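# Observations on chain architecture
What follows is the residue order along each chain.
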Amino acid sequence: MGTVAAVRPSAAGRGAPTGDAIARWVALAFAASILVLALLLILQLWAGSADARHKFGWGFLTSSKWNPVTEEFGALPFLYGTVVTSFLALLISTPLGLGAAIFLSELAPARLSSALTFLIELLAAIPSVIYGLLAIFALVPLMRTTIEPFLKSHFGRLPLFKGVVFGLDYLTASLVLSVMTIPFVISVSREALLAVPREQREAALALGATRWESTWQVVVPHAKLGILGAIFLSLARALGETMAVTMVIGNSPSIRASLLAPGYTIAAVIANEFSEATGVYRGALVELGLVLFCLTILINALARLMIVATTRKGSKRA
Amino acid sequence: MKRSLAVFAGLLAGASMAPAQHINGAGATFPNPIYTKWFEEYHARNPVIAINYQSKGSGFGIAQLTAGTVDFGASDMPMTDVQIAALPVKAFHFPTVLGGVVPTYNLAGVTQPLKFSPETLAGIFLGTITKWNDAKLMKDNASVKFPNAEIVVIHRSDGSGTTFVFTDYLSKVSPDWKSKVGASTSVSWPAGLGGAGNEGVAGLVKQTPNAIGYVELIYAANNKMAYGSVKNADGAFVTASTASVSEAAAGAARDMPADFRVSITNAPGKGAYPISSFTWLLIPGKFADAAKGKAIKGFLQWMLADGQKEAAAMYYAPLPKEVVAMELKQLAAIQ
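Residues numbered from 1 in each chain as written. Chains lettered and ligands numbered in written order. Predicted model: local features only at pLDDT ≥ 70, side-chain atom pairs only at ≥ 80, totals over all residues. Heavy atoms only, no water.

## Regarding the overall build of chain A
- In terms of helices and strands, chain A carries 14 helices and 2 strands.
- With the C-alpha coordinates aligned to their principal axes, the bounding extent of chain A is approximately 65 × 55 × 35 Å.
- In chain A, which comprises 318 residues, the share counted as buried stands at 41%.
- Partitioning the contacts of chain A with sequence separation of at least 6, the portion at a separation of at least 24 is 72%. (Helix = DSSP H or I, 4+ residues; strand = E, 2+ residues; numbered from the N terminus. Buried < 20%, exposed > 50% of the residue type's maximum accessible area, 1.4 Å probe, protein only. Contact = heavy atoms within 4.5 Å.)

## A closer look at the interface of chain B and chain A
- Contact with chain B, which involves 30 residues of that partner, is made by 22 residues of chain A.
- When residues of chain B are sorted by the area they lose upon contact with chain A, Ser157(B), Leu193(B) and Gln207(B) head the list and together hold 27% of the total.
- Put simply, chain B and chain A have 0 salt bridges between them.
- When residues of the side of chain B that touches chain A are traced back to their parent elements, those giving at least two are α3 (58-67), β6 (152-156), β7 (193-195) and α9 (197-207) of chain B. (Buried area = accessible area lost by both parts, 1.4 Å probe. Salt bridge = Lys/Arg side-chain N within 4 Å of Asp/Glu carboxyl O.)

## Some details on the sheet that holds strand β2 (residues 49-55) of chain B
All names here are of chain B.
- Overall, mixed pairing links the 8 strands, which are arranged β2-β1-β3-β11-β4-β8-β6-β7 in an open sheet. Every interior strand has two partners, whereas the edge strands, β2 and β7, have only one. Within the sheet, the average angular offset between the axes of one strand and its neighbour, ignoring direction, is 25°.
- In this sheet, β7 lies alongside β6 in parallel orientation, the contact comprising 3 bridges. Bridged to His155 within β7 is Gly194.
- Contacts from helix α7 (residues 161-173) reach β4 (91-106), β6, β8 (211-216) and β11 (276-284), with the element oriented near 115° to β8. (Pairing = 2+ DSSP bridges. Axes fitted to C-alpha atoms, helices over the stretch in contact; angles between N-to-C directions.)

## Observations concerning a nonpolar patch on the surface
All names here are of chain A.
- A cluster of nonpolar side chains, Val129, Ile130, Leu133, Leu134, Phe137 and Met243, forms an exposed patch at the surface whose accessible area comes to about 540 Å².
- Of the residues forming the nonpolar patch, the biggest block, 5 residues, is contributed by helix α7 (residues 128-155).
- Residue placement: Met243 occurs in helix α12 (residues 243-248). (Patch = residues over 30% accessible without salt bridge, like charges linked within 9 Å, V, L, I, M, F, W, Y side chains within 5 Å. Areas by Shrake-Rupley, 256 points an atom, 1.4 Å probe, with all protein chains shown as cover.)

## Overview of the pattern of salt bridges
- In the structure shown here, the tally under the stated rule is 14 salt bridges over all chains.
- A salt bridge links Glu106(A) to Arg201(A), with the nearest nitrogen and oxygen atoms 2.8 Å apart. Residue Glu106(A) is found in helix α5 (residues 76-107), and its partner Arg201(A) is found in helix α9 (residues 198-206); the two are separated by 95 residues along the sequence. Comparing Glu106(A) with Arg201(A) shows no difference in burial state: the two are buried.
- The residue Arg237(A) makes a salt bridge to Glu241(A) at a minimum N-O spacing of 3.8 Å.
- Taking relative accessible area as the criterion, Glu241(A) reaches 7% and is therefore assigned buried.
- A network of salt bridges, in which partner residues are shared, links Lys37(B), Glu41(B), Arg45(B) and Glu310(B).

## Focus: the confidence of the model for chain A
- Averaged over every residue, the pLDDT of chain A is 89; residues scoring 70 or more account for 92%.
- Low confidence marks residues 1-7 of chain A, where pLDDT is under 50. Its contacts with residues over four positions away, or in another chain, come to 3 contacts. (pLDDT = per-residue confidence, 0-100.)

## As for the pairing of β11(B)
Residue and element names in this part refer to chain B.
- Of all 9 residues in β11, 9 are buried, a share of seventy percent or more.
- Side-chain alternation along β11 places Ser276, Phe278, Trp280, Leu282 and Pro284 on one buried face and Ser277, Thr279, Leu281 and Ile283 on a second face that is also buried.
- Sheet analysis places β4 next to β11, joined by 9 bridges and oriented antiparallel. Bridging from a neighbouring strand, His93 pairs with Leu282 of β11.

## Considerations on the pairing of β8(B)
Residues and elements named next belong to chain B.
- Burial within β8 is extensive, with 6 of its 6 residues counted as buried.
- Summarising the sheet, β4 and β8 pair through 6 bridges and their orientation is antiparallel. Residue pairing for β8: Val101 is matched across the bridge by Glu216.
- In this structure, β6 lies alongside β8, joined through 2 bridges in parallel fashion. Across the sheet, the residue bridging to Val153 is Ile212, located in β8.

## Looking at the sheet that holds strand β5 (residues 115-116) of chain B
- Spatial strand order, β5-β9-β10 (chain B): 3 strands in an open sheet with mixed pairing. Here the strands that pair on one side only, and so sit at the sheet edges, are β5 and β10 (237-238) of chain B.

## Quick word on the packing of aromatic side chains
- For the structure on display, the rule yields 30 aromatic pairs over all chains.
- Between the aromatic rings of Phe125(B) and Phe166(B), the centroid separation amounts to 4.9 Å while the plane-to-plane angle is 70°, which identifies the pairing as edge-to-face. Pair noted here: Phe125(B) is in helix α5 (residues 118-126) and Phe166(B) is in helix α7, with a separation of 41 residues, a long-range link.
- By relative accessible area, which is 0% here, Phe125(B) ends up buried.
- The exposure class assigned to Phe166(B) is buried, which follows from its relative accessible area of 0%.
- Between Phe299(B) and Trp302(B) the ring centres are 6.2 Å apart and the planes differ by 40°, which places this aromatic pair in the tilted class. Taken together, the residues span about one helical turn, with Phe299(B) and Trp302(B) both in helix α12 (residues 290-305) at a distance of 3 residues. Residues Phe299(B) and Trp302(B) agree in their burial class; the two are buried.
- Grouping aromatic residues by their ring pairs yields a cluster made of Tyr35(B), Trp38(B), Phe39(B), Tyr42(B), Tyr53(B), Phe72(B), Phe299(B) and Trp302(B).
- Residue placement shows Arg53(A) over the ring face of Trp46(A); its charged tip is 3.5 Å from the ring centre.
- Across the ring face of Phe237(B), the terminal group of Lys115(B) is positioned such that the distance to the ring centre comes to 5.5 Å. (Phe/Tyr/Trp six-rings, centres within 6.5 Å; stacked < 30°, edge-to-face > 60°. Lys NZ or Arg CZ within 6 Å of the ring centre and 35° of its normal.)

## Details of the nonpolar core
- Counting 134 residues, the largest nonpolar core has Phe125(B), Trp132(B), Phe278(B), Phe299(B) and Leu300(B) as the members making the most contacts within it.
- Element by element, the count of residues in this core is highest for β4(B), at 8 residues.
- Shared between two domains, this core holds at least three residues of each, these being domain 1 (21-99 + 277-331) and domain 2 (100-254) of chain B.
- Setting aside chain neighbours within four positions, we find Phe125(B) in contact with Val153(B), Ile154(B), Phe166(B), Leu170(B), Trp177(B), Trp189(B), Pro190(B), Ala191(B), Gly213(B) and Tyr214(B).
- In this structure, Phe56(A), Phe60(A), Leu292(A) and Leu295(A) belong to the second largest nonpolar core, which totals 44 residues. (Core = buried A, V, L, I, M, F, W, Y, C linked by side-chain atoms within 4.5 Å. Domains from an automatic or database assignment.)

Here it is as structure tokens:
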């Protein structure tokens, strides 16, 4: 959309050279190819899941059975696990990441800031299977022997921390996901904070605001859109994460209130079971892919709505 | 440096003798190590024939064979009647080697191998036996001091032939398992946690105190893991080995169906290891390209004779003689 809008003024100019027209059509074709790709993706998921959709109908979304022997399939435990781990991960990574981004853009000396930024971008580039391995060998034993018994003995009355401790559960998966998403939150929010004009800060300081007041009441609200974008980008990554999650979540398709119980996510079950699945079983896995696709679209749509709502408020104020 | 140059020169020389006959196959991961070795060796003996094998799972192999995108498939479980009906060309099952599945565990202070009966194995994986000091386990292992600890059950999270063999065995020995869970490459597990692949299960068992899981014999043997013996149909506790797995096949060979679609779990025979299985190549009965058919027949002939001799060194159990003789008869039927 942006590309077309940006191209239009020059192409609309009188006596525009043919080069511009060609560039415009080429750019349009590139933009359209993204739409075509998304449509093909939906089409393929829709066609591939035909027999499963036919057999289970809407009940697929509300059933918590997953039995390849009797060919009864339902998406609910996977949907639950995906949403719980992703949101819990963001609950941890958003405040940490935002705090780090504020430090890097507003407070840290330039040298330190650029060195840290380099390290953070390095973190974002680590393949997820490496995070998974680190989690299995370092985090899981720590969770099983120290952290989870502590949680259980101190907060064991809450339904959130009940049950036998394995170290492979929603909580561990969420922690791994939070570590994986923090670099995204920091990196994108930092860009957004840096894009806030200097004058905004100077004006706030000139009005007698402290450094913190200028940061928290002027700079951060100004960069709100970018920060929201960072959060949703991280959420998308958490929803779709496969390898690291399947290695630490316990892979048990059940819905339990306790964060110390093993669970399963959509991406993990597809990766685990697809190669041996045939017939309706395969269809059900493809339908899970469709469900994940819809979930991502839904969340992105919500993000758009939120952005539209907040920008309207902003422009009214201005 | 010199060596890599030599290898490079070798590759070039190999490329100049381009194989005239390319054969593509896909399927089971369990026999992949020995298949890879066989195909390489056969290519070395017959440079004009090159066999390419994608080990992406039995289900994948059957799907590709049905779609007609490969020349042969491979599977750790016999094809079902429904799957056979969907094939474009009728295919033959050729058993190639045998494997076993062993229970492996992590119990601090227990050094001697544990003994498992069908009842205790089914009970543990059903979640009805939840503690190591259960009376049934203690009865079979009188000399072992079991801890008063919860059993942590570890199973495969990915669909696999190993799971099929293990659940097929449990379905045969436990009516409860048969009615509640059943046999398949993935099942709805009543208890426990899932790890991906043999290495995933082995890793979790090793790491989690009081855990029990199941892995392939080859994997356990290659990684020097401790595993228990299992009580067979004749009431003897048998430890898995290439010999005891082959014996299970010999016991089953007497009533081998003509199409080789047979499960040999819980096979009769005093020394037979009960959680054993064939793995099969799925070969179309008719090839449009006669030269290709001839090449595949040549390979199968070699595999049933010289190829078998390499199995035991890689911890695969070789086929019993009776089965080889039956397969040679079936080989003649390929056109």
